[in-house]
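Understanding the architecture of this molecule
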Protein chains: 2
Amino acid sequence: MPAPIDFYFDFASPYGYIASEKIDTIAAKYGRTVAWRAMLLGPAFKMAGTMPVLGMPLKGEYFKIDFERSARYHGVPFKLPSPFPVPAVIAARAFLSVSDRDPDKAKELGHAIYRAYFADGRNIAEESVVLDCAESVGLERSELGKAANDIDIKNRLRALVDAAIARGVFGSPFFFIDGEPFWGSDRLPQIEKWLATGGF
Amino acid sequence: MPAPIDFYFDFASPYGYIASEKIDTIAAKYGRTVAWRAMLLGPAFKMAGTMPVLGMPLKGEYFKIDFERSARYHGVPFKLPSPFPVPAVIAARAFLSVSDRDPDKAKELGHAIYRAYFADGRNIAEESVVLDCAESVGLERSELGKAANDIDIKNRLRALVDAAIARGVFGSPFFFIDGEPFWGSDRLPQIEKWLATGGF
């Protein structure tokens, strides 16, 4: 059994959302599984010297177009939410607390959170919205609310983000396949070729 | 006859090189032509607040891998040249001087310059290398040397770069198809779908 594909993402990342709708299907075609790892881009951006793209001259205007076009290209519903971006820390902690004990249920929660933000325009920085998402996939609302504020989960998320950066993650989505790094939903075709050929 | 696809590129851009090997074939499939526009990214980077990627923490290491893998993915010979990047101003001026009177010959020169740098590792910042490229496609060496230092050409290149930035160009390759902007060789699949469907 080959190792799972590592899929790092930030819940406020449009290209992370697009990738989240595609990666498990691509992986399954080649007998691979995917380990979802919610992270926070803020510290990675600080480290890499980058910033949220919509605030940048020239790039900001382009990316508003590219987010929507890329989503249409992949057949994924998308509407740029407002506010954008938002800190996805509650969402990431909730995800992590489920991911520990039930990775498949965590993916359901991950899809619900991503769709709430990028398809339905709900503000996932708010705990109540994250808990609505949890409830929609059959998770216990009060239990998850507690976990999202748990000091252990906080610390483990921080450690996970540090470990991701130490591994070279600087954006979302970011993948490792048997050690090979791929950044961006636009690398999905290369990922598919990599899986099909065992590396090229 | 639909308008040509605008293809902006910097001769020191690896993804510009990859796109230069692909875009005319893709365009021709859909009855379209391509207008090549050599530019200089330095001023656009300054404007957009970005910098050459290999100097950035985290990103630098990734892009060394991604340049080569993306070239392999597209079947384009590539070896990261040293020095990299280089100022491509002589190359851009030489290209512009030919492009005015013979756009097809200019594309031949463009291919020769790009391949000299990214396949053969020759330093295209040096005038003698650019003139070797010119000679290899049947252009008059001394005539081109003169043109590359001509004050009119210098001024027109500067104006072309300013106009590109005013239009929103901040990277290489950068395309406009009937007004729609596309950045990056990784947008070639979207470009192809756009051409095939008339926009999506």
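Look up a bit, the structure's there.
In what follows, the accompanying structure is described. In this text the structure is predicted, and so the values were computed from the model without any measurement.

1. Focus on the pairing of strand β4 (residues 180–183) of chain B
Where strand β3 (residues 174–177) of chain B and β4 of chain B come together, four bridges link them in antiparallel fashion. Paired with Ile177 of chain B across the strands is Glu180 of chain B, a residue of β4 of chain B.

2. Considering the interface of chain A and chain B
Chain A puts 34 residues into the contact, and the matching count from chain B is 34 residues. Between chain A and chain B, a total of about 3,100 Å² is buried, with carbon and sulfur atoms accounting for 62% of that surface. The interface formed by chain A and chain B holds six salt bridges in total. For Arg187 of chain B, the salt bridge goes to Asp66 of chain A, with nearest N and O atoms at 2.6 Å. Put simply, chain A and chain B have 16 residue pairs in polar contact (both at pLDDT 80 or more) between them. Going through the elements one at a time, α3 (41–48), α4 (59–74), β4 (180–183) and α10 (188–197) of chain A are the ones with two or more residues in the side of chain A that touches chain B.

3. Details of the packing of helix α6 (residues 103–118) of chain B against helix α7 (residues 127–136) of chain B
All names here are of chain B. Running from amino to carboxyl end, α6 crosses α7 at an angle of 135°, the nearest separation of the two axes being 9 Å. Compared by their axis directions, α6 and α7 come out oblique. Once α6 is placed against α7, the crossing between them reads as right-handed. Counting all contacts with α6, which are made through Leu109, Ala112, Ile113 and Ala116, the residues of α7 involved are Val130, Cys133, Ala134 and Ser136. When grouped by side-chain class, the residues that make up the contact of α6 with α7 number seven nonpolar, one polar and no charged.

Rules used throughout
- Residues numbered from 1 in each chain as written.
- Chains lettered and ligands numbered in written order.
- Predicted model: local features only at pLDDT ≥ 70, side-chain atom pairs only at ≥ 80, totals over all residues.
- Heavy atoms only, no water.
- Pairing = 2+ DSSP bridges.
- Helix = DSSP H or I, 4+ residues; strand = E, 2+ residues; numbered from the N terminus.
- Contact = heavy atoms within 4.5 Å.
- Buried area = accessible area lost by both parts, 1.4 Å probe.
- Salt bridge = Lys/Arg side-chain N within 4 Å of Asp/Glu carboxyl O.
- Polar contact = N/O pair within 3.5 Å; in protein donor to acceptor, adjacent residues only side chain to side chain.
- Axes fitted to C-alpha atoms, helices over the stretch in contact; angles between N-to-C directions.
- Parallel < 35°, antiparallel > 145°, perpendicular 65-115°, else oblique.
- Left-handed = near helix turned anticlockwise from the far one by under 90°.
- Nonpolar A, V, L, I, M, F, W, Y, C, P; charged D, E, K, R; others polar.

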